[in-house]
Structure formats: structure tokens, C-alpha cells
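# Chain and residue survey
So the chains spell out like this:
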Amino acid sequence: MDFMKLKEAAKKIVDMEVRGAAKIARFAAETLLEYAKSLEGDFDGEMRKAAEILLNTRPTAVSLYNAINYVMQYSGNTADEKREDLIRRAEEFIRWVDAAKKEIGKIGVRRIKDSSTILTHCNSSAALSIIKEAHKAGKDIEVFATESRPRLQGHITVKELRKEEIPVTLIVDSAVRYFMRDIDYVIVGADAITVNGALVNKIGTSQIALAANEFRVPFMVAAETYKFSPKTLAGETVVIEERSPEEVAPKELLSLGVEVRNPAFDITPRRYIDLIVTEIGAIPPEMAYLVIKERFGFELPTEEELTLMPEHYD
Ligand code: RI2
């Protein structure tokens, strides 16, 4: 893969041709691997440049940051040794992505009772792994899927579910509270989990969590451990990506000078989350810190670091 192809790969993430936190992380690892294979000249410098380009595509999904970080921790004395180690690390990360999704399905399915109605938002491969596993296990389930404006990822979800012959009802995002009394579980994915157990996910998730809380419906998150944000341990907040106004309004409206805001994600505080299903177990959001420490080798934060934690995530 040459530099042009690398830029094309990055554009696919920006344009959401490749989307979903797990898929973009996997794709970034694959891209770094392919780029390293044919790289000549300054290995470290060129790889760092490539990593930077991929990192700047979508700012919220911490999976992308963790994937790139994992792959870029290669070592070796010569360019060939470094390349070999980078390829090994990238393959290792890709295996992690695939295995984690399956494991989340297996762990999550134990939480789903027979004859239940599940509401999901956007298109999360991790959340769908649980839903598909429940169906495979012979549980009688049906799904309500939000359309997920403005990019309508809900359409991908309903197609995927119908392929498995799982009964599914598509609803507009604003109908969530209207239907909440018929729902047994909410299961959503994650773009990031902060150190204090808050969820960053598709815009609208926090409203769904509020409605679930009102109706006492369990709110579950399906998130691989590489979606936990090590940077939040040092007090950094997760950047919320704002996408273009054209995704929301036609040119005709924009030409009138209408102001449009289009945040792609929002934050659900941990008090609205009952459970986070990861590949290492189903955990309460309060355990996010331990996951980050365990998976990313962090030491206990100092008193000073603790005071840096963003209060609005509590
Ligand atoms: P998986 C998506 O973001 C959604 O917010 C979804 O919940 C999340 O990624 C996780 O998806 P976008 O790329 O990794 O559609 O579970 O903006 O597939």
C-alpha cells in the first residue's frame, strides 16, 4: 500500500464508508499492516505519519486510538525487524477484535430472558452480537430499532436482523419513550467508555437511557475493552465529533442561513447504566477504572490526577 492508498483508506473512515467503532479500529490495524509491508526508507518516521493520518479521521471512537497505539508499540533494531513486529501486533489486534465480539455475545446472552423485547440504537456489531446469540440460543426475542438520524444506521441494523430472521420493528428516534413500556432491555454499543464509567455513544443514546430509567428498563452496553479510554484516566475528556450540516439539512435550508449543529455522539452518565458487557465479563460501570488499569497497564492515579477528572461524567 502506498501513501495515496493510505490517504484513501483514511478518507473511507472520514466518509463513514467504514464505520462502527470496532470496524474502524480493525480497519486501521489492517491499513497500518498493509502500509508497513511495502514501506521503504525511514520506517519509524513514515509509520508515525501514517498513524497520525488515521488517528485524525474520527476523534470520538477511542477504539481507533487504542488500535493505533497497540500496533505502533512495535520494536526491533532494523527496519525489517520492526516491520515484522508491527505486522505481528496488527494481526494480534485484529484477532482481539474478532474474538471479543463473539465473547460479548456469549456473555451477554445469559442476561436475556426468554420472550423479551430489546431496543437498540444505531448499528452496533457488539450489541447485535448479543441479540443474534440470544436468537441462536432459541430465545424468543424481538427488537425495536431506532432509525438513528441523520445517517440512518438503523437501516443497516434492521437488514442485519432480518437476515437472521429476527423480528424487528423500525421506529423514528423520537418514538423511543412512546414505546419504552413495551421494552424489556435496552442494548447499545459504545464508541468510548470513560474511566468513571460514562458511555459515549451515538447521539440520542442518553435520551434513551433517561426513558429506560423512567420505566425501570435495564440499560446494557456492549463494549470491547479496547473501547475504554485510557486518556480519561489522566483527566482528558472525550472529544465529541461534530459532523457537517449537510447531513442534517438540505442545501435549500442551509442557503437561508439556518444554523445547524450535528454532534455525532453524546454522553450517558454511569448512573443510567446497569451493566457493561465486555469480553472479560459483564461489569458494572463503576469498574471501568479497573478495566483500563488491567488492559492498558496504568498505575493508580495520583491525588493530583484524580482531581483532574471531569466532573460532568459523574
Ligand atoms: P460497534 C457507531 O458509531 C455507533 O455509535 C455504535 O453504537 C458504535 O459505533 C459502536 O459500534 P458510527 O461509526 O463497534 O456509526 O459495536 O458513528 O460495531
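Once a new chain begins, its residue numbering starts again from 1 and follows that chain's sequence as written. The predicted origin of the model limits local features to residues at a pLDDT of at least 70 and limits the giving and counting of side-chain atom pairs to 80 or more, whereas totals for whole chains, interfaces and linings rest on all residues. Side-chain measures were taken over the full set of non-hydrogen atoms in the model, leaving aside hydrogen atoms and water.

So, on to the sheet that holds strand 6 (residues 199–202). The strand order across the open sheet formed by three strands is 5-6-8, and the pairing between neighbours is antiparallel. Edge strands, defined here as strands with exactly one partner in the open sheet, are strand 5 (192–193) and strand 8 (265–268). The pairing of strand 5 with strand 6 spans two bridges and is classified as antiparallel. In the sheet register, Ile193 faces strand 6, and the bridge partner there is Leu199. Two strands qualify as a pair provided DSSP detects at least 2 bridges between them. Numbering goes from the N terminus for both helices and strands, where a helix is a DSSP run of H or I of at least four residues and a strand is a run of E of at least two.

If you check the domain split of the chain, you get domain 1 (3–101) and domain 2 (103–313). What counts as a domain boundary in this text is fixed by an automatic or database domain assignment. On a C-alpha basis, the centroid separation for the pair domain 1 and domain 2 is 25 Å. Contacts were defined at the residue level, with two residues in contact if any of their heavy atoms lie within 4.5 Å. With 22 residues of domain 1 in contact, the opposing surface of domain 2 contributes 33 residues. Two parts placed together each lose some accessible area; with a 1.4 Å probe, that loss summed over both constitutes the buried area. When the area that domain 1 buries against domain 2 is broken down by residue, the three leading residues are Thr60, Trp96 and Lys101, summing to 28%. For this document, the term salt bridge refers to a Lys or Arg side-chain nitrogen within 4 Å of an Asp or Glu carboxyl oxygen. In this assembly, domain 1 and domain 2 are joined by one salt bridge. Across the salt bridge formed by Arg58 and Glu241, the nearest N and O atoms sit 2.9 Å from each other. Whenever a nitrogen or oxygen atom comes within 3.5 Å of another N or O atom, the pair is scored as a polar contact, on the condition that within protein one atom can donate a hydrogen and the other can accept it, and that pairs from neighbouring residues in sequence are kept only if both atoms are in side chains. Linking domain 1 with domain 2 are 18 residue pairs in polar contact (both at pLDDT 80 or more). Counting residues per element, the ones that place at least two in the side of domain 1 that touches domain 2 are helix 2 (21–37), helix 4 (62–71) and helix 5 (79–109). The element that contributes the greatest number of residues to the side of domain 1 that touches domain 2 is helix 5, accounting for six residues. Amino acids outside the nonpolar list (Ala, Val, Leu, Ile, Met, Phe, Trp, Tyr, Cys, Pro) and the charged list (Asp, Glu, Lys, Arg) are all regarded as polar, and Gly is one of them. A per-class count over the side of domain 1 that touches domain 2 returns 14 nonpolar, three polar and five charged.

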